[in-house]
Amino acid sequence: MHMFQQLIDTLKKDPRKIVFTEGTDPRILEASARLLAGNFLTPILVGSEQEVHAAAEESGFNIRGAQIIDPETYEGMDEMVQTMVELRRGKMTADECRAALKKGNYFGTMLVKMGVADCLLGGATYSTADTVRPALQLIKTKPENKIVSSCFIMVRERVGDNEVLAMGDCAINIDPSEDELVEIALETAKCAKIFGIDPKVAFLSYSTKGSGKGEDVDKMRNACAKAKAAAPDLAIDGEMQFDAAVSPTVGQLKFPGSPVAGYANTFVFPNINAGNIGYKIAQRLGGFDAYGPILLGLNAPINDLSRGCNAQEVYSMAIITAALK
Ligand SMILES: CC(C)(COP(=O)(O)OP(=O)(O)OC[C@H]1O[C@@H](n2cnc3c(N)ncnc32)[C@H](O)[C@@H]1OP(=O)(O)O)[C@@H](O)C(=O)NCCC(=O)NCCS
Ligand SMILES: CC(=O)OP(=O)(O)O
């Protein structure tokens, strides 16, 4: 796809190193073999050298050129523990940090923090919470952000051009407040632009323009008003139902005059239940490829995978993670 070729071209000019926290997973090994063959991104596989090589041999992938780092034998471990204790001052003891660093998720995150790697991709077997928590604790939110959130870039092949949508937050914030929804909307729109989307942002609900009543409706309407005030140049509207957001006919019927209804391509879900279920319906029944969750507002490029991912998704997410550094 054109979008990926541009990202690959960026990486060819500035080759980078990416940590995979699950170095023995066959999907990670397959993606690593493809990255190595392309010669634009070096995988750092976390795990025991013997186990990683055995897994690669068993699955038949050539990972020559990958760096393998085993937390059990890592020479820089004492320095890493000391740095982590400083970062977690008052929250984790040295013993707790040392124990945490035996695990790929914390170890990989510290490799990024200490500059050994440029970026990280995890979550092929770790849950999202376990992939993201070390990043929230050690990498932290960018100074200009209040929260870390996430979005998915959803791509469906079409003859001529692809259909590309952005959806947030389907993975991190469980029940975002109005202000958090504003941040999710603006960050998701920013990410959408990187992927060539001219964002038309819909604040989704079970109600369109007051057709339904309830606290959740008020929350989306108020958040939408705040987002419009914060970003007057963006096309933003809501609250609206999904059919009003994407069907021009229904949009015209339910929300006449809206600059977004009927043509939305950037979706803000009211909570993680709606978002996570929504993106998986688009992926599993709607024929969209799902790239994400792409973390937004984090101080370094660290991303998560769905445990249901395939090797192609790992490969694509590795490119996205490294190129958006
Ligand atoms: C992201 C998540 C794991 C954080 O939960 P948690 O670890 O229990 O969070 P805590 O409240 O203990 O906070 C841990 C640290 O992360 C920080 N943090 C938590 N949520 C954050 C956010 N959204 N943005 C920035 N920082 C955050 C806290 O400030 C805290 O930092 P500190 O330890 O330095 O004080 C949790 O919100 C979650 O489980 N989300 C849903 C994940 C999921 O299941 N997704 C579905 C599949 S994709
Ligand atoms: C993003 C997501 O839903 O992750 P998982 O499928 O691993 O829970």
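Residues numbered from 1 in each chain as written. Chains lettered and ligands numbered in written order. Predicted model: local features only at pLDDT ≥ 70, side-chain atom pairs only at ≥ 80, totals over all residues. Heavy atoms only, no water.

Note the following rule: UniProt positions are given in the numbering used here, feature names are shortened, and annotations may be inferred rather than shown by experiment.
The name recorded for the protein in an unreviewed UniProt entry is Phosphate acetyltransferase, from Lawsonibacter hominis. Quoted verbatim from the Pathway (unreviewed entry) heading of the UniProt record, the comment on the protein is "Metabolic intermediate biosynthesis; acetyl-CoA biosynthesis; acetyl-CoA from acetate: step 2/2." Database annotation for the protein, UniProt heading Catalytic activity (unreviewed entry): "acetyl-CoA + phosphate = acetyl phosphate + CoA".

1. What to know about the overall build of the protein
Test applied: Helix and strand definitions follow DSSP, with helices as H or I runs of at least four residues and strands as E runs of at least two, each counted in order from the N terminus. Put simply, the radius of gyration uses C-alpha atoms, and a globule should come to 2.2 Å times the residue count raised to 0.38. Each residue's exposure class comes from its accessible area (1.4 Å probe, protein chains only) as a fraction of the maximum for that residue type: buried when under 20%, exposed when over 50%, partly exposed otherwise. Residue contacts are counted whenever heavy atoms from the two residues lie within 4.5 Å of one another.
Looking only at helices and strands, the protein has 13 helices and 11 strands in total. Taking 20 Å as the expected radius of gyration for a compact globule of 325 residues, we find that the protein reaches 21 Å, a close match to that expectation. Once the C-alpha set of the protein is aligned to its principal axes, its extents read approximately 65 × 50 × 30 Å. Out of the 325 residues in the protein, the part that is buried amounts to 55%. Looking at the protein alone, contacts between residues at least 24 apart form 70% of all its contacts between residues at least 6 apart.

2. Digging into the site of ligand 2
Applicable threshold: Residues are counted as near a molecule or strand when any one of their heavy atoms sits within 4 Å of it. In the analysis that follows, any N or O atom pair within 3.5 Å is treated as a polar contact, provided that within protein one partner can donate a hydrogen and the other can accept it, and provided that, for residues neighboring in sequence, both atoms belong to side chains. Accessible surface is estimated by sampling points in the Shrake-Rupley manner with a 1.4 Å probe; for residues, cover comes only from the protein chains shown.
Every residue near ligand 2 is listed here: Thr128, Phe152, Asn276, Tyr279, Lys280, Pro293, Leu305, Ser306 and Arg307. In this structure, an oxygen atom belonging to ligand 2 sits 2.7 Å away from a side-chain N or O atom of Arg307. In isolation ligand 2 has 260 Å² of accessible area, and contact with the protein removes 87% of it. Per-element tally for the shell around ligand 2: the top contributor is helix α12 (residues 272–284), with three residues.

3. A look at the sheet that holds strand β5 (residues 149–156)
Basically, it comes down to this: If DSSP finds at least two bridges between two strands, the strands pair. Fitting a line to C-alpha atoms yields each axis, with helices limited to the stretch in contact; the angle taken between N-to-C directions then spans 0 to 180 degrees.
Strand order in this open sheet of six strands is β8-β7-β9-β6-β5-β10, and the pairing throughout is mixed. Each edge of the open sheet is held by one strand with a lone partner, namely β8 (235–240) and β10 (289–296). Each neighbouring strand pair of the sheet contributes to a mean axis angle of 20°, computed without reference to strand direction.

4. Here we look at the packing of helix α2 (residues 26–38) against helix α13 (residues 311–323)
We apply this condition: For classification purposes, angles smaller than 35 degrees are called roughly parallel, those larger than 145 roughly antiparallel, those between 65 and 115 roughly perpendicular, and all remaining angles oblique. By the definition used in this description, the sense in which the near helix is turned from the far one sets the handedness, with an anticlockwise turn below a right angle giving left-handed and a clockwise turn giving right-handed. Charged means Asp, Glu, Lys or Arg here, nonpolar means Ala, Val, Leu, Ile, Met, Phe, Trp, Tyr, Cys or Pro, and polar covers whatever is left, Gly included.
The interhelical angle for the contact between α2 and α13, taken along N-to-C directions, is 55°, at an axis separation of 8 Å. Classified by the angle their axes make, α2 and α13 are oblique. Here the hand of the crossing between α2 and α13 comes out right-handed. Contacts from Arg27, Ile28, Glu30, Ala31, Arg34 and Leu35 of α2 reach α13 at Ala311, Gln312, Val314, Tyr315, Ala318 and Ile319. Taken together, the residues of the contact of α2 with α13 break down into eight nonpolar, one polar and three charged.

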